[in-house]
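Structure assessment
Here are the chains, one letter per residue:
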Amino acid sequence: MKEVVEWSSKDVLEWLTEHGMQEYTDAFQNKLDGLGLLRLSREDFHRPPLSLVASDNGQQLLEKIETLKMEHHIEVHKNGHANGDLHMSSLNADSQNDIHNKTKRTGLANGYRKEMIQIIMPEQEWLPTSLEWWKTGVAFLYALSCFILTTVMISVVHERVPPKEEQPPLPDKFFDYFNRVEWAFSICEINGMILVGLWLVQWVLMEYKSIVGRRFFFIVGTLYLYRCITMYVTTLPVPGMHFSCSPKLFGDVEAQFRRIMKMIAGGGLSITGAHTMCGDYLYSGHTVMLTLTYLFIKEYSPKDWWWYHWSCWILSIVGVFCILLAHDHYTVDVVVAYYITTRLFWWYHTMANQQVLKEASKTNFLSQVWWYKIFCFLESNVQGIVPHTYHLPFSWSSISQFFGKKIKYSRLVTDT
């Protein structure tokens with residue numbers, strides 16, 4: 001397709017007619033080429049002849065031009081239009097009066113079709129930046145606080161869960177078709193630990209681990225913050241009669257504190273015997289970790305590592321299926337967890353990879369999310385897509401020097 005800057009006046013007229021704006025054809029009088037079209041500004045519609053044609057001050061045409069710029073990846077500098085005349089000063093008054101008589105809005109009503117335009121967002125080239133580890137530290141403290149708050153909330157909600165003898169489990173279609181498998185939840189947690197371990201190794205080897213780390217900490221912290229809210233506002237009964245919940249403490253603060261510390265020390269896993277409380281259902285924290293670790297592993301690993309991506313995807317999907325197979329969460333818990341996790345991950349990375357979305361404007365509706373200012377703080381100096389480059393966190397020379405000093409020191413001690 002010919003570049004817009006190379007369009008002739010005939011190409012411009014064809015484009016106007018195709019988009020239902022042929023009322024401008026007489027105004028331009030075959031004197032406006034592609035470059036002139038791109039240089040049109042709002043001021044041109046405030047004086048004749050365009051002021052006599054456009055009843056909306058050229059808003060529709062200017063929007064089409066902006067879309068055209070984005071479609072062809074053209075950057076037009078504001079100083080490229082000095083006086084706003086755009087080669088139209090030679091239009092005489094007689095032609096202006098003729099234009100005024102012919103002005104009429106056109107569109108779908110006159111038989112012109114309206115086509116969908118695919119807008120391709122240009123990818124900004126990566127610009128090296130400072131690692132800003134202190135921001136990563138802030139994000140880590142945020143995630144840690146949300147984890148602790150979640151544990152505290154589980155202890156609080158546990159006291160409100162109705163006994164299974166009084167309030168039986170809610171109906172669930174998955175449970176109707178699949179009988180409970182006792183060992184399934186252990187498989188889920190093992191898969192989760194494998195994915196977390198793989199992601200940890202991958203993160204340590206990344207060159208820009210500080211940027212990726214703060215993204216992970218913020219997203220996982222926000223997901224667990226949402227989880228605190230959902231489990232507190234809505235307390236569901238246990239999903240199955242097999243649950244053996246810890247006895248309620250009825251306000252014993254010291255015992256609750258010990259229970260919270262035990263759960264934190266065990267990583268909140270049932271396989272370690274640390275999680276014996278009930279009530280943390282809507283939504284599933286295990287699904288969050290299984291989904292989020294896979295998304296980060298796939299996003300920040302080489303695209304041609306398909307075997308690695310598929311292996312991690314299988315671990316994730318099997319782990320999620322085992323949650324339901326163990327009857328340890330309702331199906332809605334898993335669905336909600338998957339939906340919120342994927343959307344938050346995709347929203348954040350879309351905003352991080354497009355520089356224009358880091359600027360609040362009336363057209364950037366993503367800037368209205370409550371965490372937008374936090375996002376700008378974390379991503380303020382990151383420009384472009386983070387490269388998927390890796391390196392060892394230490395050099396072999398430093399290792400040899402370290403062990404060389406150890407050997408020399410040990411020999412010195414032996415000799416003395």
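It should be noted that the structure appears before, not after, this text.
Residues numbered from 1 in each chain as written. Predicted model: local features only at pLDDT ≥ 70, side-chain atom pairs only at ≥ 80, totals over all residues. Heavy atoms only, no water.

1. A few points about unusual backbone geometry
Heads up, the rule is: Runs of E in the DSSP output that reach at least two residues are strands. Runs of H or I that reach at least four are helices, and both are numbered from the N terminus. Burial classification: accessible surface area is computed with a 1.4 Å probe over protein chains only, and a residue below 20% of its type maximum counts as buried, one above 50% as exposed, and the rest as partly exposed.
Between L282 and Y283 the backbone carries a cis peptide bond, its omega angle lying at 15 degrees. Of note, Y283 is situated in the loop between α11 (253-265) and α12 (285-299). Positive phi outside glycine occurs at E132, with the angle close to 50 degrees. Inspection of the secondary structure assignment puts E132 in the loop between α6 (93-102) and α7 (133-158). In this model, H327 sits at a positive phi of 60 degrees, which is unusual for a non-glycine residue. Looking at the element boundaries, H327 is found in the loop between α13 (306-325) and α14 (331-353). Here H327 falls in the buried class, since its relative accessible area comes to 10%.

2. Side note on the nonpolar core
Our working rule: Note on terminology: a nonpolar core comprises buried Ala, Val, Leu, Ile, Met, Phe, Trp, Tyr and Cys residues joined through side-chain atoms within 4.5 Å. By definition, residues are in contact when any of their heavy atoms lie within 4.5 Å.
Counting 71 residues, the largest nonpolar core has W199, V212, F216, I219, L292, F296 and Y348 as its most contacted members. Ranked by residues supplied to this core, first place goes to helix α10 (residues 209-233) with eleven residues. Setting aside anything within four residues of it in sequence, one finds F216 in contact with W199, M289, L292 and F296. In terms of nonpolar packing, the next biggest core, distinct from the first, is built from 21 residues, V4, M21, L62 and I65 among them.

3. Observations regarding the pattern of salt bridges
Using the following cut-off: For this analysis, a salt bridge means a side-chain nitrogen from Lys or Arg found within 4 Å of a carboxyl oxygen belonging to Asp or Glu.
For the structure shown, the criterion picks out seven salt bridges. E159 is the partner of R259 in a salt bridge, and the nearest nitrogen-oxygen pair spans 3.9 Å. Of this pair, R259 sits in helix α11 while E159 sits in the loop between α7 and α8 (173-177), and the two are 100 residues apart along the sequence. Across the pair D280 and R227 runs a salt bridge whose closest N-O atoms are separated by 3.1 Å. Highlighted residues: D280 in the loop between α11 and α12 and R227 in helix α10, separated in sequence by 53 residues.

4. Points about the packing of α7 against α10
Packed helix pairs are specified by the crossing angle of their axes together with the interaxial distance, meaning the distance between the axes. Put simply, the rule is: Every axis corresponds to a line fitted to the C-alpha atoms, with the helix fit spanning only the stretch in contact, and the corresponding angles, defined between N-to-C directions, vary from 0 to 180 degrees. Geometric relationships in this document are graded by angle, where less than 35 degrees denotes roughly parallel, more than 145 denotes roughly antiparallel, 65 to 115 denotes roughly perpendicular, and other angles denote oblique. Note on convention: the crossing is left-handed when the near helix lies turned anticlockwise from the far helix by less than a right angle, right-handed when the turn is clockwise. Think of it as three bins: nonpolar holds Ala, Val, Leu, Ile, Met, Phe, Trp, Tyr, Cys and Pro, charged holds Asp, Glu, Lys and Arg, and polar takes everything else, Gly as well.
Between α7 and α10, the least distance of the axes is 8 Å, while the angle of their chain directions is 20 degrees. Our classification of the angle between α7 and α10 gives roughly parallel. For the element pair α7 and α10, the recorded crossing hand is left-handed. Considering only residue class, the contact of α7 with α10 consists of 20 nonpolar, six polar and four charged.

5. Thoughts on α7
Spelled out, the test is: One less than the number of residues in a helix, times 1.5 Å, gives the span that helix is expected to have.
Spanning 26 residues, α7 covers 37 Å between terminal C-alpha atoms, matching the ideal 38 Å at 1.5 Å per step. Within α7, the full set of buried residues consists of K135, T136, A139, A143, C146, T150, T151, M153, I154, S155, V157 and H158.

6. Considerations on the side chain of R215
Following the sequence through the fold, R215 ends up in helix α10. Residue classification places R215 among the buried residues on the basis of a relative accessible area of 1%.

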